[in-house]
Amino acid sequence: MSTQSLSGKELAGEIRRRAREQARDLEQGGIHPALAVVIATDDGSTHWYVRSIERAAEAAGIGCRIIDLGHDATEQVLASVLRDLGAEPSVHGIILQTPLPAGVRTDALVGLIPPEKDIDGANPLSLGRLAVGQPAFAPATARSVVEILEHYRIPVAGRSAVVVGRSAVVGKPLALLLMERDAAVTVCHSRSGPLERYTAEADIVVVAAGRTGLLNGSHVSPASVVIDVGTNVLADGSLVGDVDADSVRGVAAALSPVPGGVGSVTTALLLLHTVEAARRSSLVPVLENA
């Protein structure tokens, strides 16, 4: 059988266009959407990713300030910068980019990002609000999965969905987003036992565990829609997901590629979340399901 490719490139372009148009509308009202990215590492791939956010923001007419504190920044310095950004009215979105220096407590810092500026859903308050249906920005990667399903008109309500991975960045918020859309959700993790016990009969399988080749063709059925959230760098520098794409392709009904799937949508959503945060700060009516 032929497996449909769930590319995120077209969708990402649509989201960037929406962000650009909304930013232009806000500019006409004297509001200048702005994003701040705090970075404290010498990791080359992280710097590349942050530069890609900066370029995308510039193209969308969104201000982007990169605050590079160096790989030896202390927790106290990072906390001070985050508090200042949280209090600065001209900054609408804040991202604390990981990895952080050794000994720095990420959980202590993300709590300093005000939920209204927490455009990547890092603050536990954002996850809590998401859980009870209050306004909050979902982590962009988790929302990307839902956006891809909606873009390809893949039904979610009443269908069984398995999320492999229970991180606070993807697995848990994604489970909440899918439940909100009336899916029957199962979350699997390292203690769940054989994956095929859960995935073989699932309509939707999302893999976000950070393990190369974790899911293969024996784990899915011809009706399965598989979304690969994994980003694993191989020794030769190439990027692969958590899914053994060669074995799943030809078995599953649909599969998102890596790269070119969820990741491309994630960056675009960070821009849209920044614009939505700017709109909220101005008390202008906002889009639903942020």
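Residues numbered from 1 in each chain as written. Predicted model: local features only at pLDDT ≥ 70, side-chain atom pairs only at ≥ 80, totals over all residues. Heavy atoms only, no water.

Colleague: When you look at the overall build of the protein in this model, what are you seeing that I'm missing?
Modeller: Assigned secondary structure in the protein consists of 10 helices and 11 strands. A globule of 290 residues ought to have a C-alpha radius of gyration of about 19 Å, and the protein, at 19 Å, matches this closely. The buried share of the protein, reckoned over its 290 residues, is 48%. Partitioning the contacts of the protein with sequence separation of at least 6, the portion at a separation of at least 24 is 70%. Carbon together with sulfur atoms contributes 52% to the accessible area of the protein, which is approximately 13,200 Å² in total. (Helix = DSSP H or I, 4+ residues; strand = E, 2+ residues; numbered from the N terminus. Rg over C-alpha atoms; globule rule 2.2 N^0.38 Å. Buried < 20%, exposed > 50% of the residue type's maximum accessible area, 1.4 Å probe, protein only. Contact = heavy atoms within 4.5 Å. Areas by Shrake-Rupley, 256 points an atom, 1.4 Å probe, with all protein chains shown as cover.)

Colleague: Before we go on, may I ask you to explain the pattern of salt bridges in this structure?
Modeller: When the charged atoms of two side chains with opposite charge come close together, those side chains can pair. Enumeration over the complete set of coordinates arrives at nine salt bridges. As a salt-bridge pair, Arg17 and Glu21 come within 3.4 Å of each other at their nearest N and O atoms. Residue Arg17 and its partner Glu21 are located together in helix 1 (residues 9-28), separated by four residues, close to a single helical turn. With relative accessibility at 34%, the residue Glu21 sits in the partly exposed group. Members of the salt-bridge network, linked through shared partners, are Arg143, Glu147 and Glu276. (Salt bridge = Lys/Arg side-chain N within 4 Å of Asp/Glu carboxyl O.)

Colleague: Would you take a moment to explain the sheet that holds strand 1 (residues 4-5) for this structure?
Modeller: Two orientations exist for strands paired in a sheet by backbone hydrogen bonds: parallel and antiparallel. The strand order across the open sheet built from six strands is 1-11-8-7-5-6, with neighbouring strands paired in parallel fashion. Across the chains shown, the open sheet's two edge strands, defined by having one partner strand only, are strand 1 and strand 6 (184-188). With four bridges connecting them, strand 7 (residues 204-207) and strand 8 (residues 225-228) associate as parallel partners. Looking at the pairing, Val206 lines up with Ile227 of strand 8. (Pairing = 2+ DSSP bridges.)

Colleague: So what exactly am I meant to see when it comes to helix 10 (residues 262-281) here?
Modeller: For an α-helix, 3.6 residues make a turn, and residues three or four places apart therefore share a direction. For helix 10, with 20 residues, the first-to-last C-alpha span of 28 Å sits near the 28 Å given by 1.5 Å per residue. The element helix 10 is largely enclosed, with a buried count of 16 among its 20 residues. (Expected span 1.5 Å × (residues − 1).)

Colleague: Looking at this structure, how should I read the confidence of the model for the protein?
Modeller: Close inspection of predicted coordinates is inappropriate for parts of the model with low pLDDT. Of all residues in the protein, 97% attain a pLDDT of 70 or more, and the chain-wide mean is 94. Predicted confidence is poor over residues 284-290, with pLDDT under 50, and the contacts of this stretch with residues over four places away or in other chains come to 18 contacts. (pLDDT = per-residue confidence, 0-100.)

Colleague: I would appreciate a short explanation of the UniProt feature "binding site: NADP(+)" (unreviewed entry) in the protein in the present structure.
Modeller: The UniProt record marks Gly165, Arg166, Ser167 and Thr231 with the feature "binding site: NADP(+)" (unreviewed entry), using the residue numbering of this structure. Along the polypeptide, Gly165 turns up in the loop between strand 5 (160-164) and helix 7 (171-180). For Gly165, the residues in contact, after removing those within four places along its chain, are Gly171, Val187, Cys188 and Ala208. Looking at the secondary structure, you find Arg166 in the loop between strand 5 and helix 7. Setting aside anything within four residues of it in sequence, one finds Arg166 in contact with Gly171, Lys172, Val187, Cys188, His189 and Ser190. (UniProt positions renumbered as here; feature names shortened; annotations may be inferred.)

Colleague: Where do I start with unusual backbone geometry in this structure?
Modeller: The general pattern is negative phi for most residues beyond glycine and trans for most peptide bonds. Geometrically, the link from Thr98 to Pro99 is a cis peptide bond, its omega value of 5° lying close to zero. Within the secondary structure, Pro99 sits in the loop between strand 4 (93-96) and helix 4 (106-110). Pro259 follows Val258 through a cis peptide bond whose omega is -5°. Backbone geometry places Arg153, a non-glycine residue, at a positive phi of 55°. Inspection of the secondary structure assignment puts Arg153 in the loop between helix 6 (140-151) and strand 5. Arg153 gets classed as exposed once you look at its relative accessible area, which sits at 77%. Non-glycine residue Asp182 carries a positive phi angle of around 70°. Tracing the chain through its elements places Asp182 in the loop between helix 7 and strand 6. By relative accessible area, Asp182 is classed as exposed at 55%.

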